[in-house]
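One letter stands for each residue in the lines below.
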Amino acid sequence: MHFISPELEDYIEQHCEKEPALLAALNKETYQKILLPRMLSGHFQGRVLSMLAKLIRPINILEIGTYTGYSALCLCEGMQDNGVLHTIDIKEELIDFQRKHFDKSPWGKQIVQHLGEATTIIPTLDIKFDLVFIDADKENYINYFELIVPRMNKGGIILSDNVLWSGKVLEPLNPKDLSTKILLEYNALLKNDPRVETVLLPIRDGLTVSRVL
Ligand SMILES: C[S@@+](CC[C@H](N)C(=O)[O-])C[C@H]1O[C@@H](n2cnc3c(N)ncnc32)[C@H](O)[C@@H]1O
């Protein structure tokens, strides 16, 4: 969900950096060929991810939820020359599409694709991360956070997407709606956990920035 008017969104996009040509092509091809294209971060959030990565200058990046690879490429824009981005997705049918676009970028050889359930794959990664982007199934956000915190360098940043969940975080909770229930618990956890300091930014569907202390 977008919390601001389409007109204001247009104005914001016009006053941000342009979407790089490679990403515009990936965006277009995702809408032409892949199911649920709205899952892709898109121009504005993509530029936000790119800017955050350029400020952080990470060496090791982890992304949970690759989809067609758009946000992975945005995060790579800020990665150091010797950096590696590990990205996990459960959908086998997306692997070749991702790789085709990764290999058109300057970071093809620095992107490692992992196929499978993220809660199974994360424990196998013996790496300390500087930047993590959580953007997969909401039911596992707390599990992802608990797996990730011990694998973060001090001062590392965890970004969590969709934390406002189309505004459902303000509505009476339907007990059958597990995603909203977990997101409510997750947002409270990020606010109260002494291992991180957090700001929730009202960007697109809500993006939290948590700094590991
Ligand atoms: C919102 S999309 C990611 C969008 C992408 N980060 C971007 O901004 O372009 C979420 C992705 O998470 C993947 N996913 C969902 N549950 C997963 C799980 N348990 N383990 C790994 N990947 C999962 C889905 O297959 C989907 O491609």
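For the structure itself, consult the block above.
As the structure is a prediction and not an experimental result, all values here were calculated from the model.

Thresholds, definitions, all that
Residues numbered from 1 in each chain as written. Predicted model: local features only at pLDDT ≥ 70, side-chain atom pairs only at ≥ 80, totals over all residues. Heavy atoms only, no water. Axes fitted to C-alpha atoms, helices over the stretch in contact; angles between N-to-C directions. Helix = DSSP H or I, 4+ residues; strand = E, 2+ residues; numbered from the N terminus. Parallel < 35°, antiparallel > 145°, perpendicular 65-115°, else oblique. Left-handed = near helix turned anticlockwise from the far one by under 90°. Contact = heavy atoms within 4.5 Å. Near = heavy atom within 4 Å. Polar contact = N/O pair within 3.5 Å; in protein donor to acceptor, adjacent residues only side chain to side chain. Areas by Shrake-Rupley, 256 points an atom, 1.4 Å probe, with all protein chains shown as cover. Nonpolar A, V, L, I, M, F, W, Y, C, P; charged D, E, K, R; others polar. Pairing = 2+ DSSP bridges. Buried < 20%, exposed > 50% of the residue type's maximum accessible area, 1.4 Å probe, protein only. Phe/Tyr/Trp six-rings, centres within 6.5 Å; stacked < 30°, edge-to-face > 60°.

Caption draft 1: Highlighting the packing of helix H2 (residues 21-33) against helix H5 (residues 95-102). Two elements in contact, H2 and H5, have axes whose closest approach is 11 Å; the angle formed by their N-to-C orientations is 160°. Between H2 and H5, the crossing angle belongs to the class labelled roughly antiparallel. Viewed along their axes, H2 and H5 form a crossing whose handedness is right-handed. Contacts from Leu22, Leu26, Glu29, Thr30 and Lys33 in H2 reach Phe97, Lys100 and His101 in H5.

Caption draft 2: Representation of the site of the ligand. Around the ligand, a shell composed of 21 residues is seen, among which Ser41, Gly65, Ser71, Asp89 and Glu117 lie nearest. Within the side chain of Asp89, an N or O atom sits 2.6 Å from an oxygen atom of the ligand. Here Asp137 contributes a side-chain N or O atom positioned 3.3 Å from a nitrogen atom of the ligand. If the ligand stood free it would expose 600 Å²; the protein chains cover 92% of that surface. Looking at the shell around the ligand residue by residue, the classes come out as ten nonpolar, five polar and six charged.

Caption draft 3: Structural detail: the side chain of His86. You can see His86 is positioned in strand S2 (residues 84-89). Sequence-distant contacts of His86, defined by excluding residues within four places in its chain, comprise Ile61, Leu62, Glu63, Val112, His114, Leu125, Ile127 and Phe129.

Caption draft 4: Main features of unusual backbone geometry. With a phi angle near 65°, Asn162 is a residue other than glycine that sits in the positive phi range. In this structure, Asn162 sits in the loop between strand S5 (152-161) and helix H8 (178-192). Despite not being glycine, Trp165 has its phi angle at roughly 45°, a positive value. As for its placement among the helices and strands, Trp165 is situated in the loop between S5 and H8.

Caption draft 5: Representation of the pairing of strand S6 (residues 196-201). With six bridges connecting them, S6 and strand S7 (residues 207-212) associate as antiparallel partners. Across the sheet, the residue bridging to Leu201 is Leu207, located in S7. Two successive antiparallel strands, S6 and S7, enclose a turn made up of five residues, where Arg204 displays a positive phi of approximately 50°.

Caption draft 6: Structural view of the environment of Tyr144. With respect to the helices, strands and loops of the structure, Tyr144 is situated in helix H7 (residues 141-148). A relative accessible area of 1% means that Tyr144 is categorised as buried. Discounting residues that sit within four places of it in the chain, Tyr144 has contacts with Ile64, Glu117, Ala118, Thr119, Ile122, Ile134, Ala136 and Asp137. Side chain to side chain, Tyr144 and Asp137 meet in a polar contact 2.5 Å long.

Caption draft 7: How the structure looks around the packing of aromatic side chains. Per the counting criterion, the structure on display carries two aromatic pairs. Note on Tyr141 and Tyr186: the rings are 5.3 Å apart at their centroids and 75° apart in plane angle, and the pair reads as edge-to-face. With Tyr141 in helix H7 and Tyr186 in helix H8, this residue pair connects regions lying 45 residues apart in the sequence. You can call Tyr186 buried: its relative accessible area is 0%. Seen from their ring centres, Phe145 and Tyr186 are 6.0 Å apart, and the 80° between their planes marks the pair as edge-to-face. With a gap of 41 residues between them, Phe145 in helix H7 and Tyr186 in helix H8 connect regions that are remote in the sequence. Exposure remark for Phe145: the relative accessible area of 0% places this residue in the buried category.

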